2 protein chains.
Amino acid sequence: MKKEFRSDCPISSALDLFGDKWSLLIIRDLVYFGERTFKDFTNAAERISTARLTDRLCKLEKLELITKSNHPTNRKVFVYDLTAKGMDLFPVIAEYIKWSNKYLNDHIAEEAKAYAAMLETDRQGALNHFMQRR
Amino acid sequence: MKKEFRSDCPISSALDLFGDKWSLLIIRDLVYFGERTFKDFTNAAERISTARLTDRLCKLEKLELITKSNHPTNRKVFVYDLTAKGMDLFPVIAEYIKWSNKYLNDHIAEEAKAYAAMLETDRQGALNHFMQRR
DNA sequence: TTTATTGCTTTCGAAACGGAAGTGAAAATA
DNA sequence: TATTTTCACTTCCGTTTCGAAAGCAATAAA
């Protein structure tokens, strides 16, 4: 068994839990699209491998950031969704967006720029828009 | 040569640049302590290896998130400091702290809890406190 | 002149990684 | 009913990244 946390610092501890290149992208998809299936995640632009996706979904479920449940009609499909704990990562994601909009502006998607502008002018509104979906 | 970005998403792009377990901790030390030397970073609680630290400092300097300069009196010491671009990661760090304070409260340091509470009640004040140091 | 410090490099075994192919159960199609 | 396709994994394998430790040259301190 390995130690779970490197220190008692809140920043390093959060990074210990989901500070990899994929976890926040799974959270992102759930924030912006709501319920997602395994297949949905594999269709994201960043092209996560199935092995990595399986691993991350399990970890995020153990951390209680997401839930896994059966599809109402199709028994071989699982539906993933955010918990309140996972939804509370929205502010972290929002700050990444704002930073990238400022410093990677010539690289990111046009629709992302528009959304970033909305985050600047109506932060609470953008936040509520997703928070109130469930 | 490998591709720099996985997609044009602002979140994944930011993670491509500094979405590892160490970069934000280096930024953290610079935010909270100001100028730091190589030795200072190795003394942080998380115990980064020297090979990893050398690698990350170079990357962060190339990204222009930090600067490297000579110590005014000691020629074998280098002094690292944040650029405005690096300082603008403070809001990201602040949101990690707030999330951890809410969900990892029984694990994190007491002084971190107090600081997180200050972030909640006087966000702009906490932000300015560091922003105005230089 | 000797010793200690600093920033950095090298080495090496372990862990994490991406990409591709394969699996079984269930669903859709014929 | 028989066949094919889909879905959520799982396995495999070569590559990259990693932590831990030792070693290094240059400078500073003693």
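Quick caveat: nothing in here was measured; it's all calculated off a predicted structure.

**Quick word on the interface of chain B and chain A**
Thought 1: With 45 residues of chain B at the contact, the number on the chain A side is 45 residues.
Thought 2: Approximately 4,200 Å² of surface area, both sides summed, lies buried where chain B meets chain A, with 69% of it carried by carbon and sulfur atoms.
Thought 3: Counting every contact that joins chain B to chain A gives 2 salt bridges.
Thought 4: Between Lys102(A) and Asp88(B) there is a salt bridge, with its nearest N and O atoms 2.8 Å apart.
Thought 5: Counting residues per element, the ones that place at least two in the side of chain B that touches chain A are helix H1 (10-18), helix H2 (23-33), helix H5 (84-87) and helix H6 (90-103) of chain B.
Thought 6: It is H6(B) that contributes the most residues to the side of chain B that touches chain A, 10 residues altogether.

**What about the protein's contact with DNA strand D?**
Thought 1: In the region of DNA strand D, 20 residues are neighbours, and Thr50(A), Lys76(A), Tyr80(A), Trp22(B) and Arg56(B) sit closest.
Thought 2: Backbone atoms, meaning sugar plus phosphate, form 69% of the atoms of DNA strand D positioned within 4 Å of the protein.
Thought 3: A distance of 2.7 Å separates a phosphate oxygen of DNA strand D from a polar side-chain atom of Arg56(B).
Thought 4: Separating a base oxygen of DNA strand D from a side-chain N or O atom of Lys76(B) is a distance of 3.2 Å.
Thought 5: Residue assignment for the surface near DNA strand D shows that the elements contributing at least two residues are helix H3 (38-42), helix H4 (50-62) and strand E2 (78-82) of chain A together with helix H4 (50-62) of chain B.
Thought 6: Broken down by class, the residue content of the surface near DNA strand D amounts to 6 nonpolar, 6 polar and 8 charged.

**So, the nonpolar core**
Thought 1: Counting 86 residues, the largest nonpolar core has Tyr96(A), Leu24(B), Ile27(B) and Tyr96(B) as the members making the most contacts within it.
Thought 2: Every residue in contact with Tyr96(A), bar those within four places of it in the chain, is listed here: Leu24(A), Pro10(B), Ala14(B), Leu15(B), Phe18(B), Leu24(B), Val92(B) and Tyr96(B).

**Let's talk about the protein's contact with DNA strand C**
Thought 1: Close to DNA strand C lie 20 residues, the nearest being Trp22(A), Arg56(A), Thr50(B), Lys68(B) and Lys76(B).
Thought 2: Counting only atoms of DNA strand C within 4 Å of the protein, the sugar-phosphate share comes to 67%.
Thought 3: Lys76(A) places a side-chain nitrogen or oxygen 3.4 Å from a base nitrogen of DNA strand C.
Thought 4: Class assignment of the residues belonging to the surface near DNA strand C gives a composition of 6 nonpolar, 6 polar and 8 charged.

**Structural notes on helix H7 (residues 110-121) of chain A**
All names here are of chain A.
Thought 1: Here H7 contains 12 residues, and its C-alpha end-to-end distance of 17 Å stays within 8% of the 16 Å for a straight helix at 1.5 Å per residue.
Thought 2: The set of residues buried in H7 consists of Ala-112, Lys-113, Tyr-115, Ala-116 and Leu-119. Angular distribution of buried residues about the axis of H7 spans 165°; they occupy a single face of the element. Among the exposed residues of H7, those pointing more than 90 degrees away from its buried face are Glu-110, Glu-111 and Thr-121.

**Some remarks on the packing of aromatic side chains**
Thought 1: Scanning the entire structure with this criterion turns up 11 aromatic pairs over all chains.
Thought 2: With centroids separated by 5.1 Å and ring planes inclined at 90°, the aromatic side chains of Trp99(A) and Phe18(B) adopt a geometry described as edge-to-face. Residue Trp99(A) is located in helix H6 (residues 90-103), and its partner Phe18(B) is located in helix H1; the two belong to separate chains.
Thought 3: Overall, Phe18(B) belongs to the buried group, its relative accessible area being 1%.
Thought 4: Taken together, Phe18(A), Tyr96(A), Trp99(A), Tyr103(A), Phe18(B), Tyr96(B), Trp99(B) and Tyr103(B) form an aromatic cluster joined through their ring pairs.
Thought 5: Taking the ring centre of Trp22(B) as reference, the NZ or CZ of Arg6(A) above it sits at 4.5 Å.
Thought 6: When the ring centre of Phe78(B) is taken as reference, the NZ or CZ atom of Lys68(B) above it lies at 4.3 Å.

**Details of the pattern of salt bridges**
All names here are of chain A.
Thought 1: Counted according to the given criterion, the structure contains 20 salt bridges over all chains.
Thought 2: A salt bridge links Asp-29 to Arg-28; its shortest N-O distance comes to 3.0 Å.
Thought 3: Exposure remark for Arg-28: the relative accessible area of 8% places this residue in the buried category.
Thought 4: Within this structure, Asp-20, Asp-55, Arg-56 and Lys-59 form a network of salt bridges that share partners.

**Looking at the relation of the copies chain B and chain A**
Thought 1: In the superposition of chain B on chain A (RMSD 0.0 Å, axial shift 0.0 Å), the rotation amounts to 180°. As the rotation angle and translation indicate, the two copies are arranged about a two-fold axis.
Thought 2: A share of 100% of interface residues in chain B that are also interface residues in chain A marks the association as one of identical surfaces.

Parameters at a glance
- Residues numbered from 1 in each chain as written.
- Chains lettered and ligands numbered in written order.
- Predicted model: local features only at pLDDT ≥ 70, side-chain atom pairs only at ≥ 80, totals over all residues.
- Heavy atoms only, no water.
- Contact = heavy atoms within 4.5 Å.
- Buried area = accessible area lost by both parts, 1.4 Å probe.
- Salt bridge = Lys/Arg side-chain N within 4 Å of Asp/Glu carboxyl O.
- Helix = DSSP H or I, 4+ residues; strand = E, 2+ residues; numbered from the N terminus.
- Near = heavy atom within 4 Å.
- Polar contact = N/O pair within 3.5 Å; in protein donor to acceptor, adjacent residues only side chain to side chain.
- Nonpolar A, V, L, I, M, F, W, Y, C, P; charged D, E, K, R; others polar.
- Core = buried A, V, L, I, M, F, W, Y, C linked by side-chain atoms within 4.5 Å.
- Buried < 20%, exposed > 50% of the residue type's maximum accessible area, 1.4 Å probe, protein only.
- Expected span 1.5 Å × (residues − 1).
- Arc of directions from axis to C-beta.
- Phe/Tyr/Trp six-rings, centres within 6.5 Å; stacked < 30°, edge-to-face > 60°.
- Lys NZ or Arg CZ within 6 Å of the ring centre and 35° of its normal.
- Least-squares fit on C-alpha atoms with pLDDT ≥ 70 in both.

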